[in-house]
Amino acid sequence: MKKSAAVLLGGVLVLSTAACGSGSTTEPGGKVTININGQPPQTQAFDRKVFDEDVAEFEKQNQDIDLVPHEGFMDPKTFSAKLAGGQLEDVFYVYFTDPGALIARKQAADLTDYVKDVPHYGDLKQELKDVFTAGGKVYGLPTANYTMGLLYSRTNFTKAGLNPDSPPKTWDEVRAAAKKLKDAGVTGFAEYSKSNQGGWHFTTWVKSVGGDIARKDGDTYKADFNNDKGKEVLRRLKEMRWDDNSMGDKQLLEIGDVQNMMGAGQLGMYLAAPDNVAAIVNQFKGKYDDYGLAAIPEQKGTLLGGEGYMINPKATPEKIKAGLKWIQWKYLNPDRLEGNLQKYKDRGQPVGLPIPPIADIWTGEPRKKQEDLKAKYATMPVQNFQAYVDGSEKTKGSLEPPQAQQVYAILDSVVQAVLTNKDADHAALLKDAETKVNAVLAQVK
């Protein structure tokens, strides 16, 4: 649904001295010049400074490579035109929802013969590498990911007589905790239901109980939620909203509303990714000590999102090698972890959440090293979020459905109806949504 706390689709910095895309391979003197995007805008002063410092340090260590940074990320609306016009950067950022279509359209370089030389590639989580793999070939590298979990107020848990060190592990436990939180004077559980966010979270709920939104059926996709899994989710929403009144009367909420409720101390729990904790602290004056993050209830599945980098299909072998060297050095380098964490801490940035610079992408020894360093440099109580970290190791994450935003818009109406109409017909809602989602999925090629 989104990139970390803020998605930036900024304009591309136009550099008259360097064209994007294929261009010449080397400069006089043997340097390889590559255009890279992902440079934060100047309004994000800290992130921009770190990025630019990294560019300078990388070039100092690799004097045969010249990086040309560009602001912004991938915009699917302009991507094909930029590629055809030779304006696509050599190394470009993608969300996890992008690679499948780009690979199918042959709009990314085949990196299969190159990744074997990328340090620590084998230590990356396999499900993340799979996002960039098709037909046994590799087309990109994951650099960060998130999965959905249960964010809760430790303060309100204590107030309601709940143990903040033992958050709910099932939906039945969520319901029971929400009732106690309501009795303690706060909204027990909140859910989004507008701006496509209701459909996004409905998808997460369905995955948590072992279901899915769409399934591959031959060469096409079919809706897969008009079944016992979809009905279970709606039943649970109805129970908390109407039978228990633990969700409150104010509905048609979206992410900003719910973050504000949590920051104001008025909410017990909601589904969220780790970046929400930082957003509540930074935007709504919360305190890290007051929040906990647990694994998704039931742990039968969760929604997986994230980001990575791919390489222009027109790039020369020299540019591919240089691009992969930059991606690995900047984003996938366990040897730089400690220095990065020290830098963040020294400059007053939060350290301890499972978000960059502590991206949850590793297995094996790099993961252990990262967790040890996170504890060493933490500026917040990392134990508050350990249940989420531990749960993510056991819970299978899967990607958003094809045509996700159109599907979410349809599913918004289902969630809205259940939360605003006590007598909503769940079977009819799911059947109608299934018909509409199938029409959307029929467009997937």
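Since the model is a prediction, treat every value here as computed from it, not as a measurement.

Novice: What is the right way to look at the pairing of strand E3 (residues 91–95) in this model?
Specialist: Two faces, one strand: in a regular strand the side chains alternate between the faces of the sheet. Burial within E3 is extensive, with 5 of its 5 residues counted as buried. Judged by which residues are buried, E3 turns out to be covered on both faces: Val91, Tyr93 and Tyr95 on one side and Phe92 and Val94 on the other are all buried. Where E3 meets strand E13 (residues 302–311), 5 bridges bridge the pair, whose relative direction is antiparallel. Bridge pairing in E13 links Tyr95 to Glu307.

Novice: Any chance you could explain the packing of helix H14 (residues 364–377) against helix H15 (residues 386–394) here in plain terms?
Specialist: In a packed pair of helices, the relevant descriptors are the angle between the two axes and the axis-to-axis distance. Running from N to C, H14 and H15 point in directions that differ by 175°, and their axes come no closer than 14 Å. With respect to H15, the axis of H14 lies roughly antiparallel. Residues Arg367, Glu371 and Lys374 of H14 lie in contact with H15, whose contacting residues are Gln386, Val389, Ser392 and Glu393. For the contact of H14 with H15, the per-class residue count stands at 1 nonpolar, 2 polar and 4 charged.

Novice: Which parts of the structure should I look at to understand the environment of Lys222?
Specialist: Locating Lys222 in the fold gives a position in strand E10 (residues 220–223). On the accessibility criterion, Lys222 (33% relative accessible area) is partly exposed. Along the primary structure Lys222 and Val437 are separated by 215 residues, whereas in three dimensions their C-alpha atoms are 8.0 Å apart. Beyond its immediate sequence surroundings of up to four residues, Lys222 is in contact with Ile213, Ala214, Arg215, Asp217, Asn438 and Leu441.

Novice: Would you explain the domain arrangement of the chain in this entry?
Specialist: A common way to state how big an interface is: give the accessible area lost once the parts meet. Domain annotation for the chain reports domain 1 (32–146 + 305–377) and domain 2 (149–301 + 395–442). Averaged C-alpha coordinates put domain 1 and domain 2 at centres separated by 31 Å. At the junction of the two partners, domain 1 supplies 8 residues and domain 2 supplies 9 residues. Taking both partners together, domain 1 and domain 2 bury about 780 Å²; carbon and sulfur atoms supply 79% of that area. Viewed at the interface, domain 2 and domain 1 are joined by 0 salt bridges.

Novice: Any chance you could explain the nonpolar core here in plain terms?
Specialist: Note that soluble globular proteins tend to have their nonpolar side chains buried in a common cluster. Ranked by size, the top nonpolar core spans 73 residues in total, and within it Leu151, Phe189, Phe202, Phe225, Leu237, Met269 and Tyr270 carry the most contacts. If we ignore the near neighbours within four places in the chain, the residues touching Leu151 are Met262, Gly268, Met269, Tyr270, Ala272, Asn276, Val277, Ile280, Tyr291, Gly292 and Leu293.

Novice: Can you help me understand the pattern of salt bridges in this one?
Specialist: As a working rule, side chains carrying opposite charge can pair if their charged atoms are close by. Inspection of every chain in the model, using the stated rule, returns 31 salt bridges. Ionic pairing is found between Arg48 and Asp52, a salt bridge with its closest N-O pair at 3.2 Å. With Arg48 and Asp52 both in helix H1 (residues 45–61), this residue pair falls 4 residues apart, about one helical turn. Residue classification places Asp52 among the partly exposed residues on the basis of a relative accessible area of 30%. In this structure, Asp244 and Arg175 form a salt bridge, with 2.6 Å as the shortest nitrogen-oxygen distance. Highlighted residues: Asp244 in the loop between helix H9 (228–243) and helix H10 (255–263) and Arg175 in helix H7 (residues 171–183), separated in sequence by 69 residues. Linked through salt bridges whose partners overlap, the residues forming this network are Lys49, Glu53, Asp54, Lys330, Arg336, Lys343 and Arg347.

Novice: What am I meant to see in the sheet that holds strand E11 (residues 267–272) here?
Specialist: In spatial order, the strands read E8-E11-E7-E12; together these 4 strands make up an open sheet with mixed pairing. Looking along the sheet, the strands with just one partner apiece sit at the ends: strand E8 (187–189) and strand E12 (291–294). Strand-to-strand twist of the sheet, defined as the mean angle between neighbouring strand axes without regard to direction, takes the value 25°. Relative to E11, strand E7 (residues 149–153) runs antiparallel, the two being bridged by 4 bridges. Residue pairing for E11: Tyr152 is matched across the bridge by Met269. Packed onto the sheet, H10 meets E7, E8, E11 and E12 and runs at close to 140° relative to E11.

Quick notes on the rules
- Residues numbered from 1 in each chain as written.
- Predicted model: local features only at pLDDT ≥ 70, side-chain atom pairs only at ≥ 80, totals over all residues.
- Heavy atoms only, no water.
- Buried < 20%, exposed > 50% of the residue type's maximum accessible area, 1.4 Å probe, protein only.
- Helix = DSSP H or I, 4+ residues; strand = E, 2+ residues; numbered from the N terminus.
- Pairing = 2+ DSSP bridges.
- Axes fitted to C-alpha atoms, helices over the stretch in contact; angles between N-to-C directions.
- Parallel < 35°, antiparallel > 145°, perpendicular 65-115°, else oblique.
- Contact = heavy atoms within 4.5 Å.
- Nonpolar A, V, L, I, M, F, W, Y, C, P; charged D, E, K, R; others polar.
- Domains from an automatic or database assignment.
- Buried area = accessible area lost by both parts, 1.4 Å probe.
- Salt bridge = Lys/Arg side-chain N within 4 Å of Asp/Glu carboxyl O.
- Core = buried A, V, L, I, M, F, W, Y, C linked by side-chain atoms within 4.5 Å.

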